[in-house]
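For reference, the chains in residue letters:
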Amino acid sequence: MKVLHYRTSLNTWKKFIKQAMKYGIGRMQAIKLHLGLARWFHFFPLFYFLLSVVILLLEPMFGILLILTSLFVCFLAALYLSISKRTGKVHIYFTLILLWLIFYSIGLIKGIGKK
């Protein structure tokens, strides 16, 4: 028996960003309805994103160092994905990881105000 699944084509950056944001909004709505669904790792990107912005505003040199360290960690994750999948597209994975973390966090913030 063959099961067919419909999958949205994410062939543009705009669609990927929209998906990441909708995922964040949906996650926050689910957490508001059922607090037992909340785990620390759901909020980690949001807290890290907000912490980076606050530190960058209060102490620019430390904030820049924190952001550069974060970019390096994202690069290592992208390098790992590129090697494990044997694609050689480190820059694509790097961009996808950054976009997902940023827009998922923004989606969480937007999800707070939605019913």
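Remember, it's a predicted structure, so these values are computed and weren't measured experimentally.

Caption draft 1: Inspection of the side chain of Ser105 at higher detail. By the secondary structure assignment, Ser105 is in helix α4 (residues 90-113). Within polar-contact distance, the side chain of Ser105 engages the backbone oxygen of Pro45 at 3.2 Å. Sequence-distant contacts of Ser105, defined by excluding residues within four places in its chain, comprise Pro45, Leu46 and Phe49.

Caption draft 2: Structural context of helix α1 (residues 13-33). Its 21 residues give α1 an end-to-end C-alpha distance of 30 Å, which sits within 8% of 30 Å, the value for a rise of 1.5 Å per residue. Residues Phe16, Ala20, Met21, Gly24, Ile25, Met28 and Ile31 constitute the buried set of α1. Structurally, α1 contributes buried residues whose contacts are with α2 (40-58) and α4.

Caption draft 3: Broad picture of a nonpolar patch on the surface. On the surface, a nonpolar cluster with roughly 410 Å² of combined accessible area is contributed by Val53, Val54, Leu57 and Leu58. Here Val53 shows up in helix α2.

Caption draft 4: Region of the structure containing the layout of surface pockets. Volume-wise, the largest pocket comes out at about 460 Å³. Forming the walls of the largest pocket are 19 residues, and the residues nearest its centre are Tyr48, Ser52, Ser70, Leu98 and Leu101. When contributions to the lining of the largest pocket are tallied by element, the ones reaching two or more residues are α2, α3 (60-85) and α4. Partitioned by chemical class, the residues of the lining of the largest pocket number 16 nonpolar, 3 polar and no charged.

Caption draft 5: Representation of the packing of aromatic side chains within the structure. A complete count under the given rule lists 8 aromatic pairs for this structure. Judged by centre distance (5.7 Å) and plane angle (35°), the rings of Tyr23 and Tyr104 are tilted. Here the residue Tyr23 occupies a position in helix α1, and Tyr104 occupies one in helix α4, the gap between them amounting to 81 residues. Given the relative accessible area of 40%, Tyr23 is considered partly exposed. Classification of Tyr104 as buried rests on a relative accessible area of 5%. Ring plane angle 85° and centroid distance 5.8 Å describe the contact between Trp40 and Phe41, whose orientation is recorded as edge-to-face. Residue classification places Phe41 among the partly exposed residues on the basis of a relative accessible area of 44%.

Caption draft 6: Structural detail: the environment of Ser84. With respect to the element layout, Ser84 can be found in helix α3. On the basis of relative accessible area, Ser84 is assigned to the partly exposed category, the value being 42%.

The rules we used
Residues numbered from 1 in each chain as written. Predicted model: local features only at pLDDT ≥ 70, side-chain atom pairs only at ≥ 80, totals over all residues. Heavy atoms only, no water. Helix = DSSP H or I, 4+ residues; strand = E, 2+ residues; numbered from the N terminus. Polar contact = N/O pair within 3.5 Å; in protein donor to acceptor, adjacent residues only side chain to side chain. Contact = heavy atoms within 4.5 Å. Expected span 1.5 Å × (residues − 1). Buried < 20%, exposed > 50% of the residue type's maximum accessible area, 1.4 Å probe, protein only. Patch = residues over 30% accessible without salt bridge, like charges linked within 9 Å, V, L, I, M, F, W, Y side chains within 5 Å. Areas by Shrake-Rupley, 256 points an atom, 1.4 Å probe, with all protein chains shown as cover. Salt bridge = Lys/Arg side-chain N within 4 Å of Asp/Glu carboxyl O. 1 Å grid on protein atoms, 1.4 Å probe; cavity = no way out; pocket = protein on both sides within 12 Å on 5 of 7 lines; lining within 4 Å. Points joined across faces, edges and corners; volume = space filled by probe spheres on them. Nonpolar A, V, L, I, M, F, W, Y, C, P; charged D, E, K, R; others polar. Phe/Tyr/Trp six-rings, centres within 6.5 Å; stacked < 30°, edge-to-face > 60°.

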